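Here is what each chain is made of, one letter per residue.
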Amino acid sequence: MDSLGFLLFYANLVSPSSGFSSLAPNGLLYLTTLIHNGSKNDPYLEPPILTVNTVLSLLAVDYPAHRLACYVSDDGCSPLNFYSLVEASKFAKLWVPFCKKYNIGVRAPFRYFLRESDEPPCASSWEFQQDWEKMKEEYERLCGNIEAAANNSTSFDLTGELEVFFNTECQNHPTIIKVIWENMQGLSDGIPHLIYISREKRPKNPHHYKAGAMNVLTRVSGLMTNAPFMLNVDCDMYANNPELVLHAMCLFLGSSDERDWGFVQCPQYFYDRPTDHLAVLHQTLFKGMVGIQGPFYAGKEADDELLKKIGNSKEFINSAAHALKGKAYFTSILSKSLDVVHQVAGCDYEHSSDWGKKVGFLYGSITEDMITGMMIHAKGWRSGYCSPDPRAFLGCGALADPAAMSQQKRWATGFLEILFSKTNPIFACFTSKLQFRQCLAYLWILIWGLRSIPEVCYAALPAYCIITNSSFLPKIQELGICIPVTLFVIYKVYTLSDYIRIGFPIDSWWVNSCMARISATGAWFLGLLNVILKFLGLSETIFEITQKLHQPRTPADDCGKDDDKMIFDESPVFIPGTTILLVHVSALAMALLGLEAQGGQGTGLGEFFCSTYVVLCFLPFLQGLFRRGKYGIPLPTICKSSALALLFVHLCKMSTISVN
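Conventions adopted
Residues numbered from 1 in each chain as written. Predicted model: local features only at pLDDT ≥ 70, side-chain atom pairs only at ≥ 80, totals over all residues. Heavy atoms only, no water. Helix = DSSP H or I, 4+ residues; strand = E, 2+ residues; numbered from the N terminus. Buried < 20%, exposed > 50% of the residue type's maximum accessible area, 1.4 Å probe, protein only. Polar contact = N/O pair within 3.5 Å; in protein donor to acceptor, adjacent residues only side chain to side chain. Contact = heavy atoms within 4.5 Å. Phe/Tyr/Trp six-rings, centres within 6.5 Å; stacked < 30°, edge-to-face > 60°. Lys NZ or Arg CZ within 6 Å of the ring centre and 35° of its normal. Salt bridge = Lys/Arg side-chain N within 4 Å of Asp/Glu carboxyl O.

This brings us to the side chain of Arg 199. In this fold, Arg 199 is placed in the loop between β5 (193-198) and α5 (209-224). The class for Arg 199 is buried, based on a relative accessible area of 6%. A polar contact is formed between the side chain of Arg 199 and the backbone oxygen of His 207, at a distance of 2.6 Å. Beyond its immediate stretch of four places on either side in the chain, Arg 199 contacts Asp 75, His 173, Pro 174, Thr 175, His 207, Tyr 209, Gly 212, Ala 213, Val 216 and Ala 345.

Have a look at this one:
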């Protein structure tokens, strides 16, 4: 899952019982904001304007500007992203004062200019109207400049500040670190530091995807500003609540057991998918975990010991040592530290160190936030849950169903990588300080991929029984039928009650229930196959970037019904779902035409009900068979699924013959 949390600099370096000093020397609280953009130099996957809005919303939060620094990681080494941030820094000089002057609630411009209901009490004043018109005009100019640059990105004039991007490739380039804006005068009401980072990448060096990028951000920020707190944000998740930092700091510093808090997690909500299954998880599972060691992330040591753990940069060792002691250690002028930070951003720096193993964001899984948070909990830290009103962050969900299914497959793959590794929660429960109930909560998430096995089996079972004229349920006139019916009704009423209690519409419960079946039998099942192939040495897992769409939506759009048409492509994730649908349609047709196997104990009403229920769950696939374009299932997918469905029917027939 994507990361949205405040993290202590040393939470994965020491345990809470190590005796570190105060986090706030002289009452000064420094915060580093780490923003990750993983786009492979492709403005179509992650439009730069999304990153720009995230940056602008964080630069404008209600927090002293001289105690805040914003670092943006560009893993695509894109001159377009750098150009967009430079343009954004110019607009920020107008936007940030405007937001703080009028106490603007939503400080991401692309959302603010759509929501008239969020205007401040002084909205009717002539001065505000003038400033508002100016801001809107400047923002439209900013968007126009970025859009024009994106349309002509292949003909970028790589001179001046862009010269460092000359002759660079996405996977082969040196370290690029640029201080886009520096609050040199240390003004509390100014604009926070803004730094651009593109870590070194070489074809022969593993870069560990997002975890590797976040570790570079951690080291660079540790040298340049060395704040004891870090805020990890994805590039498409803007700050929806300007007081979110203050809310999080209250959890870190406002409780009697504040020294035990390792990180504070903010729930991940989407403005274009307000009632998806993740929103339900936040209201149920995550809040329940607060009573144990806290929700997932979606001792003092001598310098020699730190050298073994965090690398051979003496400057960074000094910085980390000062952070562990609660002392300020930062460069007053950021540009003076650029010479030393290039070393810690190099692809060879982590050799012979514990980065990715015991320090920083851990490697070994493409869901780096889950494994890192679990290891922090295993050290004895607790985590907080920050869910203010209005919501702390809002983001753009995956563009459409193919991207959403790809994201589900990535999560299932990453979770299984953790489950079958030496860092799984069962080992951590017995060998570390991970509590038993916290272990169970982690296991509930990590077995998503394994759940696909019974999901696929139970999805196929009713069709098998109809084809073979057998049954797996008691007959309708038998008393035993009450047991499965009761269990089914109780489960459905229980899940429905969650939606009613949260305030979500009932139709979203049905949609999410169907998508849970589709994801489990498709994306999760392929995630399981990916892990099996990896362990057999036949394949390597890769980090797939899901496409984001910058399409402004009004509040009426957000609260309205989503388009009920599912989007398809030729991705393998749609083959299982199409196959299951064709199998059940074939089974029901065979029963209707009297073509099922002769003999047997006979198929009961329960099997027909279950088969019909499966067809209803996969109704978008049934509709996709008769639609064209992006809303229709591609012909190659239909052909592959038809072959698998015919094979299933044939095997069912053969099993009947062999039994007889």
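It is worth spelling out the packing of aromatic side chains at this point. If you walk through the whole model with that rule in mind, you get 31 aromatic pairs. Judged by centre distance (4.9 Å) and plane angle (15°), the rings of Trp 448 and Trp 524 are stacked. With Trp 448 in helix α15 (residues 448-468) and Trp 524 in helix α18 (residues 523-535), this residue pair connects regions lying 76 residues apart in the sequence. The two residues Trp 448 and Trp 524 agree in class, both being buried. Between the aromatic rings of Phe 618 and Phe 621, the centroid separation amounts to 5.8 Å while the plane-to-plane angle is 55°, which identifies the pairing as tilted. Residue classification places Phe 618 among the buried positions, given a relative accessible area of 3%. On the basis of relative accessible area, Phe 621 is assigned to the buried category, the value being 0%. Taken together, the ring pairs connect Phe 91, Trp 95, Phe 98, Tyr 102, Tyr 112, Phe 113, Phe 128, Trp 132 and Tyr 139 into an aromatic cluster. Cation over ring: Arg 391 sits above Tyr 269, and NZ or CZ is 3.6 Å from the ring centre. The ring of Trp 444 has Arg 451 lying over it, and the distance from NZ or CZ to the ring centre is 5.8 Å.

Under the defined criterion, the tally for this structure stands at 16 salt bridges. A salt bridge links Lys 210 to Asp 234, with the shortest nitrogen-to-oxygen separation between them at 2.6 Å. Placement of the pair is Lys 210 in helix α5 and Asp 234 in strand β6 (residues 229-234), with a sequence separation of 24 residues. Residues Lys 210 and Asp 234 agree in their burial class; the two are buried. Here the salt bridges share partners, and the residues they tie into one network are Asp 75, Arg 199 and Lys 201.

The next subject is the environment of Val 179. Along the chain, Val 179 turns up in strand β4 (residues 176-181). The exposure class of Val 179 is partly exposed, given its relative accessible area of 23%. The spacing of Val 179 and Tyr 71 is 108 residues in sequence and 9.3 Å in space, taken between C-alpha atoms. Sequence-distant contacts of Val 179, defined by excluding residues within four places in its chain, comprise Leu 194, Ile 195, Met 224, Leu 334 and Leu 338.

On to the side chain of Asn 424. Within the secondary structure layout, Asn 424 lies in the loop between α12 (401-419) and α13 (425-431). For Asn 424, the side chain forms a polar contact with the main-chain oxygen of Ser 421, separated by 3.0 Å. Leave out the neighbours within four places in its chain, and Asn 424 touches Met 374, Ile 418 and Leu 419.

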